[in-house]
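Architecture at a glance
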Amino acid sequence: MKIAIRLDDITPDMDWEKFEKFRSLMDRYYVKPLIGVVPQSFDPKLHRGLPREDFWDVVENLRQDGWTIAMHGCHHLYTTTKGGLLPLNRQSEFAGLPYQEQKRLLSEGKQILENHGIVTDLFMAPAHSYDRNTLRALLELGFTRMTDGFGRQPYIYRGMTFYPISFSRKRALKQKDGTTTFVVHCNTLTDQDFSFYENVFAQSDMLPYREYLYYTPVRRNAAARCREYWLAAAKRFLVSAGAAK
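What comes next is a walk through the structure. Being a predicted model, the structure only gives us computed values, none of them experimental.

How each quantity is defined
- Numbers given for residues are sequential positions, taken from 1 along each chain in its written order.
- Only residues with pLDDT of at least 70 are given local features in this predicted model, and only at 80 or more are side-chain atom pairs given and counted; all residues enter the totals for whole chains, interfaces and linings.
- Side-chain measures were taken over the full set of non-hydrogen atoms in the model, leaving aside hydrogen atoms and water.
- Partly exposed residues are those whose accessible area sits between 20% and 50% of the maximum for their type, while under 20% is buried and over 50% is exposed, using a 1.4 Å probe and protein chains only.
- Secondary structure elements follow DSSP: runs of H or I no shorter than four residues count as helices, runs of E no shorter than two count as strands, and numbering proceeds from the N terminus.
- For two strands to be treated as a pair, DSSP must find no fewer than two bridges joining them.
- A clockwise path from the first strand over the helix to the second, with the strands pointing away from the viewer, defines a right-handed crossover.
- Two rings from Phe, Tyr or Trp (for Trp, the six-membered ring) form a pair when their centres are within 6.5 Å of each other. A pair whose planes differ by under 30 degrees is stacked, one over 60 is edge-to-face, and the rest are tilted.
- We count a charge as sitting over a ring when the NZ of a lysine or the CZ of an arginine lies within 6 Å of the ring centre and within 35 degrees of the ring normal.

Bringing the pairing of strand β3 (residues 68-72) into the picture now. Extensive coverage of β3 is indicated by the burial of 5 of its 5 residues. Direction of pairing for strand β2 (residues 34-37) relative to β3: parallel, over a ladder of 4 bridges. Among the inter-strand pairings, Gly-36 is bridged to a residue of β3, identified as Ala-70. Taken together, the 2 bridges between β3 and strand β4 (residues 122-124) define a ladder with parallel strand orientation. Paired with His-72 across the strands is Met-124, a residue of β4. After leaving β3, the chain enters helix α3 (residues 99-115) and then returns to the sheet as β4, a path that is right-handed.

Structure follows, in structure tokens:
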């Protein structure tokens, strides 16, 4: 199985020491990830130090180095307790809000990124939580791709192309066919995580995220999305019980 990497929670005040350590590890194995840039983070949980004044220059340099950029919410603040269409969590910045409010937030985030020279049609939902109004607003604003869902290949649902994440890293590493994405939060990486990913990079068929976007998606019907919904709910239970990796 080909494995792509995505890094969540990219902000000016993230844990830069861990980020740079993980970046060095990826550079050693020529791994080119997707990064989720929060346009304007108000989430105190993401505050890990002093903000870098050259943050936007760093993001542009990463893009030029072959990294791919997604908009990761707007403020990364959880305002509802809705799991949305992929209930991996019971919190959301968007799911459950009225359509116009979601569109306003998404438009604000897009404008902030574009003011810093970042244009992207990729969206990364905080907590993986979004609903039909989120998809509708995203499409109207020019977003056509999302990093989320489960499966072995990209798929199209309600006009949006989804690039799946792994349901289980252990299971993905045992599979031979297909593609998936491992989700990484640099702020919370441990020494054990660094060792795990070094083994993954050394032994797996790593897929530059930019190349993943050229894969041909398939159509996904309502029945398959229903199965995905219950898989997400099951994973939420397993994670809460400490049984999922």
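Now that the structure has been shown, the text picks up again.
Here we come to the packing of aromatic side chains. Counted according to the given criterion, the structure contains 20 aromatic pairs. Seen in terms of ring centroids, Phe-150 and Phe-167 are 5.4 Å apart; in terms of plane orientation they differ by 85°. Their pairing is edge-to-face. On the criterion of sequence distance, the pair formed by Phe-150 in the loop between β5 (145-146) and β6 (155-157) and Phe-167 in the loop between β7 (160-162) and α5 (169-174) is long-range, its members being 17 residues apart. Taken as a pair, Phe-150 and Phe-167 share a single burial class, namely buried. Through a chain of ring-to-ring contacts, three or more aromatic side chains come together here, namely Phe-22, Tyr-29, Phe-194, Phe-196, Tyr-197 and Phe-201. Sitting above the plane of the Phe-194 ring, Lys-21 keeps its charged end 4.3 Å from the centroid. Of note, Arg-220 hangs over the ring of Tyr-155, and the distance from its end group to the ring centre comes to 3.7 Å.

By themselves, these are just geometric observations and shouldn't be taken as functional.
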